[in-house]
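Read off the chains here:
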Number of protein chains: 2
Amino acid sequence: MTTAGTAHETTTRTGPAAARQHSLREHNLELVARAVFEGPEPLSRAGVAAATGLARATVSTLVDQLVAARLVRELPAVTGGRAGRPAVPLVPAPRSVVGLGLEVNVDYLGARVLDLTGDVVVDRVVPGALHDSDPAVVLRRLGELAREVSDGVAASGMTVAGARLALPGLVDPRTGLLEVAPNLGWSTLDPVPPLGLGDLPVRIANEAKLAALAELAGGSDVAAPDSFVFVSGDVGIGAAIVVDRALFLGERGWNGEIGHVVVDPAGPRCSCGAFGCLEQYAGKEAMMRAAGLPTDAPLAALVALLTERDAAARGGSGVVARAGSAAAALPAGRALGSALADFVNLLDVSTIVLGGAYTELLPWLRADVEAVLADRVLAAPFVDLEVRAAQAGPQAALTGGAREVLRAVLADPAAWV
Amino acid sequence: MTTAGTAHETTTRTGPAAARQHSLREHNLELVARAVFEGPEPLSRAGVAAATGLARATVSTLVDQLVAARLVRELPAVTGGRAGRPAVPLVPAPRSVVGLGLEVNVDYLGARVLDLTGDVVVDRVVPGALHDSDPAVVLRRLGELAREVSDGVAASGMTVAGARLALPGLVDPRTGLLEVAPNLGWSTLDPVPPLGLGDLPVRIANEAKLAALAELAGGSDVAAPDSFVFVSGDVGIGAAIVVDRALFLGERGWNGEIGHVVVDPAGPRCSCGAFGCLEQYAGKEAMMRAAGLPTDAPLAALVALLTERDAAARGGSGVVARAGSAAAALPAGRALGSALADFVNLLDVSTIVLGGAYTELLPWLRADVEAVLADRVLAAPFVDLEVRAAQAGPQAALTGGAREVLRAVLADPAAWV
């Protein structure tokens, strides 16, 4: 099995001697770039030298290269209290090199561009009903959206470094094939050519894995712990296991398929062919059905309904707890708790981060999830199990994908110099 | 979370300078010991020097120390084809320093001694019915058994280096406490003092984890792969996750609790308090009940019954497959398949090793387990899932425990010199 983040692009070398020299410069460039990008405060060239242990002159040359490559930007010089040359703070360059996150999910297509500062430059999410859809048609549409978005940012002078396509299914990183996405009804295909994105490097990845990476990357007030299980609940339900801030991928990256964990063997048939899978209770469409809404209703409709029922239940007395109304309106909670209890019993994790639709629904899920975890997790009396809402916002796989592209840029800045 | 083997004993250092010198000698001793113990063929001193890169004179001194410490034994010298001093083959010393594996399980107590060659020197397994037992009484009995066994080997001139106690429950390695063992009815206790084994270093560990290590250690014709899930089926059912030949322990080593994975939420109440856990279908007592045998009948009785039914089913025609009779006699197969499918969906492993009672029962379980895996594992069409019998023999946790003691000796041979 593999514990690793997403693999990075590699560049070709010309020979052993050249490689050694090339890679020393590359290595130093990466060190300098990391110092600028990961420091809590903007550093000057002197600060980078101190942080990396490299000579001032070397740092200066490398910083110049990163500035010329538009990865790093110099802020106006500030004069310190002491005598000497004023320091030039270095920061990630805004609106220059950018990453493109793409996603096909069962109820939307999306494209999101992030720049090196972490800012969202463009965000396009197009609702759709993509059950049992024609991959050629859907991917062509997503390709058009992606071209629109990248033409737009290119026209503003930005460079799209690459794209990550998030898919709700089993993705084989070795072959670049999507093996199966039960809710889309897609199987064994290479989704990149139909996008028609020409020379733009596009890689594919599982939706929940990219969303978990978005969670790790921060940009939130409440930092994720170093190890957690991330569960992304949409029409399908996927999960990712994060150990020491890296994805734990199992043998092929096909782990975390919590949507197909048994909740009740006598339950309804799932899109995967088996019976009583979690998705049939706690997938978005199952939750809509249970609430008496159309399966393709927007999440906001479910939230509005649950809020309304809460208000009605409070009625005159005003003291009916949300937990009380949750089980009736959203039986998903107990099913999700059951599958999560299996996960915790098998894996021994203590933090569960709920993303996708679950983030907004957590107030109506929490009491049931926590009650079932307390009942079913053998170690529950000895562990502080924490269930928390994801922080990375909606369609987090788009953010995670764009960030992965930029992470690859920073892991090999020499390719941009 | 932690990926690691069982921690090793450490020795006290007297100060930084002393530590540095001490640890260089220790390190070299360990290198030499490993060369002798892990080589495919017996090495001479010259061979050890070649294998380790250490100087001949250094190797000779260290080998002399290992021989004096009775960790290594010299075989009679053999004269090679060429002129020169005859070579003295070095091998692990038999019947000298030994490890003691101890176990409390729901239906037996055990003590097993292994020597450095991997031979079983003594093996004592005492059947018992230890449901809801008094830990003080049971541990005193196990302590008596352990003393008997270690007095015996000591009388034959062997030295017991330490003991590992395997327990069917959640063991906290930081505190040395058993937190809970549902089938024994034990909770939060330190099981070492009641053993009354005086100065003998005793550590505790989860039964399935030690049994998985026994599997890894080899001693079998069919080697385990580097990564697999090991499931130990007795009255309770535990599992261990092995990644790249090391235990993957989760945050506290409390993973692999497959016995409490949901098979059917409408199922019977489990010893853990929850309903429909795997143990209620595929634990040893559940299997005995399903076959119409007393719950405390020996495994051999169940095997005999299943064999007999097969013969009867074959009747005149002689061609009824075992698979046909399995589901009727042993409904455990489908339940086990369901929990294993959850495990594979969540973890992405392709080899499942079945130990404990499952090893002998595999002919009657395999067809159902494989059918359910094929139905429920999302990646099943793209992966060769393999279900195989454990190779380490019955009560493998005893073997794993004794081996762990010896592994600690070899990781720090200086303590014995």
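Definitions and cut-offs
- Residues numbered from 1 in each chain as written.
- Chains lettered and ligands numbered in written order.
- Predicted model: local features only at pLDDT ≥ 70, side-chain atom pairs only at ≥ 80, totals over all residues.
- Pairing = 2+ DSSP bridges.
- Helix = DSSP H or I, 4+ residues; strand = E, 2+ residues; numbered from the N terminus.
- Axes fitted to C-alpha atoms, helices over the stretch in contact; angles between N-to-C directions.
- Contact = placed C-beta atoms within 7 Å.
- Nonpolar A, V, L, I, M, F, W, Y, C, P; charged D, E, K, R; others polar.
- Buried ≥ 20, exposed ≤ 12 C-beta atoms within 10 Å, placed from the backbone.
- Arc of directions from axis to C-beta.
- Least-squares fit on C-alpha atoms with pLDDT ≥ 70 in both.
- Expected span 1.5 Å × (residues − 1).

We now examine the sheet that holds strand 9 (residues 177-181) of chain A. Residues and elements named next belong to chain A. On the basis of which strands lie adjacent, the open sheet formed by three strands has the order 8-9-10 and antiparallel pairing. Looking at which strands have only one partner, the edges of the open sheet turn out to be strand 8 (170-172) and strand 10 (186-189). With strand direction ignored, the average angle separating the axes of adjacent strands in the sheet is 15°. With three bridges joining them, strand 8 and strand 9 adopt antiparallel strand pairing. Note that in strand 9 the partner of Asp-172 across the bridge is Leu-177.

Okay, the interface of chain B and chain A next. For an interface, size is often stated in terms of accessible area lost upon the parts coming together. Tallying the contact residues gives 36 residues for chain B and 36 residues for chain A. Secondary-structure elements contributing two or more residues to the side of chain B that touches chain A are strand 9 (177-181), helix 10 (332-347) and helix 11 (357-376) of chain B. Among the elements that make up the side of chain B that touches chain A, the one with the highest residue count is helix 10 of chain B (six residues). Each residue belonging to the side of chain B that touches chain A can be placed in one class, and the counts come to 18 nonpolar, nine polar and nine charged.

All names here are of chain A. Regarding helix 2 (residues 45-52), the residues found buried are Arg-45, Val-48 and Ala-49. Seen from one end, helix 2 has its buried residues packed into an arc of 100°, which puts them on one side. Positive backbone phi, approximately 80°, marks Gly-53, located one or two places after helix 2.

Okay, the relation of the copies chain B and chain A next. Of the transformation superimposing chain B on chain A, the axial component is 0.1 Å and the angular component is 180°, with the fit at an RMSD of 0.1 Å. Taken together, these values place the two copies in the relation of a two-fold axis. Taking the C-alpha atom as reference, chain B places Asp-264 of chain B closest to the rotation axis, 2.8 Å from it. Interface overlap between copies is the fraction of interface residues in one copy that are interface residues in the other; for chain B against chain A it reaches 100%, indicating a shared surface.

Residue and element names in this part refer to chain A. Between its terminal C-alpha atoms helix 10 (residues 332-347) stretches 22 Å, which fits the 22 Å expected from 16 residues at 1.5 Å a residue. The element helix 10 is largely enclosed, with a buried count of 16 among its 16 residues. Backbone geometry just after helix 10 places Asp-348 at a positive phi near 60°.

When glycine is set aside, most residues are seen to have a negative phi, and most peptide bonds are trans. All names here are of chain B. One non-glycine residue, Arg-70, lies in positive phi territory at about 65°. Topologically, Arg-70 is positioned in the loop between helix 3 (56-68) and strand 2 (72-74). Phi at Gln-395 is positive, roughly 50°, even though this residue is not glycine. Looking at where Gln-395 falls in the secondary structure, it is placed in the loop between strand 16 (386-389) and helix 12 (396-411).

Turning our attention to the environment of Gly-53 of chain B. Summarising the element assignment, Gly-53 of chain B is placed in the loop between helix 2 (45-52) and helix 3. Classification of Gly-53 of chain B as exposed rests on a count of 8 C-beta atoms within 10 Å.

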